[in-house]
Amino acid sequence: MRKTIRYPVEGANSLWHVYKTVPFWKVVRNFVVIQLARYTPFLSAKNWMYKTFLGMKVGDQTSFALMVMLDVMFPEKISVGRNTVIGYNTTLLAHEYLIKEYRLGPIEIGSEVMIGANSTVLPGVTIGDGAIVSAGTLVHKDVPPGAFVGGNPMRVIYTKEELAKRWAEDPIYGKKQ
């Protein structure tokens with residue numbers, strides 16, 4: 001179960017209530033910062049902009065690839081550990097606006113995590129240290145540390161132990177000879 005807080009709305013769908021939930025000028029500022037960062041090739045500049053202007057927690061040497069789309073309304077609910085890679089065109093959402101409610105939840109991405117291109121991470125999800133998320137995955141629930149997950153719906157492909165066994169003889173990921 002994702003860790004989100006649910007807020008019911010009356011009348012029109014929840015997106016019609018958006019500026020009651022988040023200030024208009026905050027969304028404008030966040031949009032400008034995110035769009036600039038999406039296209040900049042300078043990883044350290046992206047991380048600085050995310051920390052300084054969006055209030056995100058971003059670990060050292062973390063890499064956001066080209067075109068990564070962060071939550072425009074609540075980016076401060078996203079935290080990423082150190083030495084993590086967020087792949088091309090990945091979307092990180094800390095909110096969901098539905099018909100009768102909206103939901104908010106933090107995204108917590110650990111250290112040494114790899115998220116493949118074109119993935120989507122939904123609100124209230126934790127991705128454990130050392131996890132690998134295959135390209136094109138819809139991350140709709142927590143990912144255990146060290147696991148390899150993929151698909152839509154997401155499923156565990158290899159546990160941390162199975163992956164270690166599979167890579168035991170690999171010259172890069174396995175034991176150093």
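Please refer to the structure higher up on the page.
Residues numbered from 1 in each chain as written. Predicted model: local features only at pLDDT ≥ 70, side-chain atom pairs only at ≥ 80, totals over all residues. Heavy atoms only, no water.

## Topic: the sheet that holds strand β5 (residues 78-80)
Thought 1: Strand order in the open sheet formed by 4 strands is β2-β5-β10-β13, with parallel pairing between adjacent strands. Edge strands, defined here as strands with exactly one partner in the open sheet, are β2 (57-58) and β13 (126-127).
Thought 2: Pairing of strand β10 (residues 107-109) with β13 involves 2 bridges; the strand directions are parallel. Paired with Ile109 across the two strands is Ile127, which belongs to β13. (Pairing = 2+ DSSP bridges. Helix = DSSP H or I, 4+ residues; strand = E, 2+ residues; numbered from the N terminus.)

## Quick word on the environment of Phe31
Thought 1: Examined against the element boundaries, Phe31 turns out to sit in helix α2 (residues 24-39).
Thought 2: A sequence separation of 41 residues divides Phe31 from Val72, and the C-alpha atoms of the two residues are 5.7 Å apart.

## Regarding the side chain of Lys26
Thought 1: Examined against the element boundaries, Lys26 turns out to sit in helix α2.
Thought 2: A polar contact of 3.1 Å, which involves the side chain of Lys26, links it to the backbone oxygen of Met73.
Thought 3: Beyond its immediate stretch of four places on either side in the chain, Lys26 contacts Met73, Phe74 and Glu76. (Polar contact = N/O pair within 3.5 Å; in protein donor to acceptor, adjacent residues only side chain to side chain. Contact = heavy atoms within 4.5 Å.)

## Considerations on the sheet that holds strand β9 (residues 101-104)
Thought 1: With antiparallel pairing, the 3 strands of this open sheet are ordered in space as β1-β9-β8. Because the sheet does not close on itself, it has two edges, and the strands there are β1 (5-8) and β8 (95-97). When the angles between neighbouring strand axes are averaged without regard to direction, this sheet yields 15°.
Thought 2: Bridge analysis of β1 against β9 gives 4 bridges, and the strand direction is antiparallel. Paired with Pro8 across the strands is Glu101, a residue of β9. (Axes fitted to C-alpha atoms, helices over the stretch in contact; angles between N-to-C directions.)

## What about the pattern of salt bridges?
Thought 1: Counting across every chain of the model gives 7 salt bridges.
Thought 2: In this structure, Arg103 engages Glu101 in a salt bridge whose closest nitrogen and oxygen atoms are separated by 3.1 Å.
Thought 3: Salt bridges sharing partners connect three or more residues here, namely Arg2, Arg6, Glu96, Glu101 and Arg103. (Salt bridge = Lys/Arg side-chain N within 4 Å of Asp/Glu carboxyl O.)

## Side note on the nonpolar core
Thought 1: One finds Phe64, Leu70, Ile109 and Ile127 to be the most contacted residues of the largest nonpolar core, which totals 41 residues.
Thought 2: A total of 4 residues in this core trace back to one element, the largest contributor, which is α2.
Thought 3: Beyond its immediate sequence surroundings of up to four residues, Phe64 is in contact with Leu43, Lys46, Asn47, Tyr50, Met56, Val58, Leu70, Val80, Ile86 and Leu92. (Core = buried A, V, L, I, M, F, W, Y, C linked by side-chain atoms within 4.5 Å. Buried < 20%, exposed > 50% of the residue type's maximum accessible area, 1.4 Å probe, protein only.)

## Remarks on the environment of Lys141
Thought 1: One can find Lys141 in the loop between β15 (138-139) and β16 (148-150).
Thought 2: Residues Lys141 and Lys51, 90 residues apart in the sequence, show an inter-C-alpha distance of 25 Å.
Thought 3: In contact with Lys141, not counting residues within four places along its chain, are Arg2, Val125 and Met154.

## Re α2
Thought 1: Over its 16 residues, α2 extends 23 Å from the first C-alpha to the last, a length consistent with the 22 Å expected when each residue adds 1.5 Å.
Thought 2: Buried residues of α2: Lys26, Val27, Asn30, Val33, Ile34, Gln35, Ala37 and Arg38, and no others.
Thought 3: Turning to α2, the residues buried within the fold contact α1 (18-21), α3 (43-54) and β4 (69-70). (Expected span 1.5 Å × (residues − 1).)

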